[in-house]
Amino acid sequence: MLPMTTRVLAIVLAGGEGKRLMPLTADRAKPAVPFGGIYRLIDFVLSNLANGGYLRMVVLTQYKSHSLDRHVSRTWRMSTMLGNYVTPVPAQQRLGPRWFSGSADALFQNLNLIYDEMPEHCIVFGADHIYRMDPGQMVRQHMDSGADVTVAAIRQPLELADQFGVIETDPSGRRISAFREKPTDAVGLPDAPDQVYASMGNYVFRTQAMIDALREDALDPSSKHDLGGNIIPMFVKAGSAEVYDFADNDVPGSSERDRGYWRDVGTLDAYYEAHMDLVSAHPVFNLYNSRWPIYTGHDPLPPAKFVHNDGDRVGRALDSLVSPGVIISGGTACRSILSPGVVLHSHSQVEDSVLMGNVKIGRGAVVRRAIIDKNVVIPDGARIGLDVEYDRSRFAVTREGIVVIGKNEVVEH
Ligand code: ADQ
């Protein structure tokens, strides 16, 4: 018998527009948004698949896919020996001059990729989440149960139900009896009234069943061609959809603290909070689990440097992630993420913030509770995040009061 992974093709849906992450998605696709200093969001799903042994992956792209394509082609190029690959696939427009209308349409337009391989099962995973997961454990359950589709699920707070596909199961806890995409009137679980069972947007399909469902959906002019909204409910109606409980997933090297960690970073506040999870003294999400590494690629840069400047200013960072190429010259970073090439000049203070590549913080400037995108220069003496009302007049500010400055934005003193 063939090993389990060779009968499976992994398809990563990476075409999301990420409107709620504006301005970070102003000129990049959501899965290409940087995360944790050196990563991009898509690295997490691709690492999970690679660590699980699924080394044939197609990445379906769409909006503003240039930096995503470049990242995937450069970082994830693998040896093609043994037939392994990670291929970014742009919108095909095979069915005429239109882009994909929804995630199911993206799969439908790329059916030729599936016909080329004819795998027995397809893993179809989203690209926008921070988590560790061994996909093999889900695939095994899917194959053993004989379900047409298996949907990964996790408990989430009831008040977030309208952001997720909400799942109800039959008394066995396995068969999905109802699936509603982003309902506004969800009720809590019998054993936890303040929680719902949410789809993680990760599916494993029996290939032929998936093809049949996509074809049927393509003929329906009233469909939005969305996996969560249209395709999964078709399988639920037919009684052939099962749930995989993410709480059962056990990743090598994980601990009590980070087992089951999963964050949908669909909003700026969620994106910010997931970063703060990285810098706590005992990180809730542990980037240092070498038994399940998160892979990425970045330019070769010199080591981070901390400089004692102006005679009395010690450059330092506390409870922070400091990437290669960073120079902290007489400034201080606290509970922050400093991406490659960031520079902090003398007497500057950065607290509870996310600084992306090449951000420069001028002499004496103070930055608090901010997300600052690539290449932004904060002038000497500037104040960011101290007077939120003033900040609101010049930058984006989130509901939780996080100041967000877009890529290449010019900041006046
Ligand atoms: P959403 O994330 O809102 O909900 P969607 O916008 O379709 O659903 O994105 C799902 C994935 O598909 C993302 O990775 C996105 O990048 C990608 N994608 C979207 N449109 C695409 C297209 N046309 N081409 C290629 N890729 C595309 C989904 C599910 C919910 C579930 C949440 C979990 O629909 O049921 O609860 O994910 O976050």
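Not measured: the values here are computed from a predicted model. (Residues numbered from 1 in each chain as written. Predicted model: local features only at pLDDT ≥ 70, side-chain atom pairs only at ≥ 80, totals over all residues. Heavy atoms only, no water.)

### A closer look at the pattern of salt bridges
Part 1 of the argument: This model, assessed by the stated rule, comprises 19 salt bridges.
Part 2 of the argument: Lys182 serves as the salt-bridge partner of Glu181, at 3.7 Å between the closest nitrogen and oxygen.
Part 3 of the argument: A salt bridge links Glu256 to Arg259, with the nearest nitrogen and oxygen atoms 3.3 Å apart.
Part 4 of the argument: Residue classification places Arg259 among the partly exposed residues on the basis of a relative accessible area of 35%.
Part 5 of the argument: Three or more residues joined by partner-sharing salt bridges are found here, namely Asp250, Glu256 and Arg259. (Salt bridge = Lys/Arg side-chain N within 4 Å of Asp/Glu carboxyl O. Buried < 20%, exposed > 50% of the residue type's maximum accessible area, 1.4 Å probe, protein only.)

### Notes on the site of the ligand
Part 1 of the argument: Around the ligand, the surrounding shell holds 26 residues, and the nearest of these are Gly15, Gly16, Glu181, Lys182 and Ser199.
Part 2 of the argument: One nitrogen or oxygen atom from the main chain of Gly16 is found 2.7 Å from an oxygen atom belonging to the ligand.
Part 3 of the argument: A distance of 2.6 Å separates an oxygen atom of the ligand from a polar side-chain atom of Glu181.
Part 4 of the argument: Notes on the ligand: free accessible area 710 Å², of which the protein chains cover 86%.
Part 5 of the argument: Counting only elements with at least two residues in the shell around the ligand, the list comes to α3 (103-109), β10 (176-181) and β11 (195-206).
Part 6 of the argument: The biggest single contributor to the shell around the ligand is β11, with four residues.
Part 7 of the argument: Here the residues of the shell around the ligand are counted per class, giving 10 nonpolar, 11 polar and five charged. (Near = heavy atom within 4 Å. Polar contact = N/O pair within 3.5 Å; in protein donor to acceptor, adjacent residues only side chain to side chain. Areas by Shrake-Rupley, 256 points an atom, 1.4 Å probe, with all protein chains shown as cover. Helix = DSSP H or I, 4+ residues; strand = E, 2+ residues; numbered from the N terminus. Nonpolar A, V, L, I, M, F, W, Y, C, P; charged D, E, K, R; others polar.)

### Focus: the side chain of His142
Part 1 of the argument: Relative to the helices and strands, His142 is located in helix α5 (residues 135-145).
Part 2 of the argument: With relative accessibility at 0%, the residue His142 sits in the buried group.
Part 3 of the argument: Within the structure, the side chain of His142 is placed 3.1 Å from the side chain of His121, a separation counted as a polar contact.
Part 4 of the argument: Other than its neighbours up to four places away in sequence, His142 contacts His121, Ala147, Asp148, Val149, Thr150, Val204, Phe205 and Arg206. (Contact = heavy atoms within 4.5 Å.)

### Things to note about the domain arrangement of the protein
Part 1 of the argument: Once the domains are mapped, the protein shows domain 1 (4-279) and domain 2 (305-405).
Part 2 of the argument: Placing the centre of domain 1 and that of domain 2 at their C-alpha centroids yields a distance of 34 Å.
Part 3 of the argument: Taken together, the 16 residues of domain 1 in the interface contact 24 residues of domain 2.
Part 4 of the argument: Between domain 1 and domain 2, roughly 1,600 Å² of surface is buried when both sides are summed, and carbon and sulfur atoms account for 70% of that area.
Part 5 of the argument: When the buried surface of domain 1 facing domain 2 is broken down by residue, Asp269, Tyr272 and Val279 rank first, second and third, together holding 37% of it.
Part 6 of the argument: Between domain 1 and domain 2 we count one salt bridge in total.
Part 7 of the argument: The interface formed by domain 1 and domain 2 holds four residue pairs in polar contact (both at pLDDT 80 or more) in total. (Domains from an automatic or database assignment. Buried area = accessible area lost by both parts, 1.4 Å probe.)

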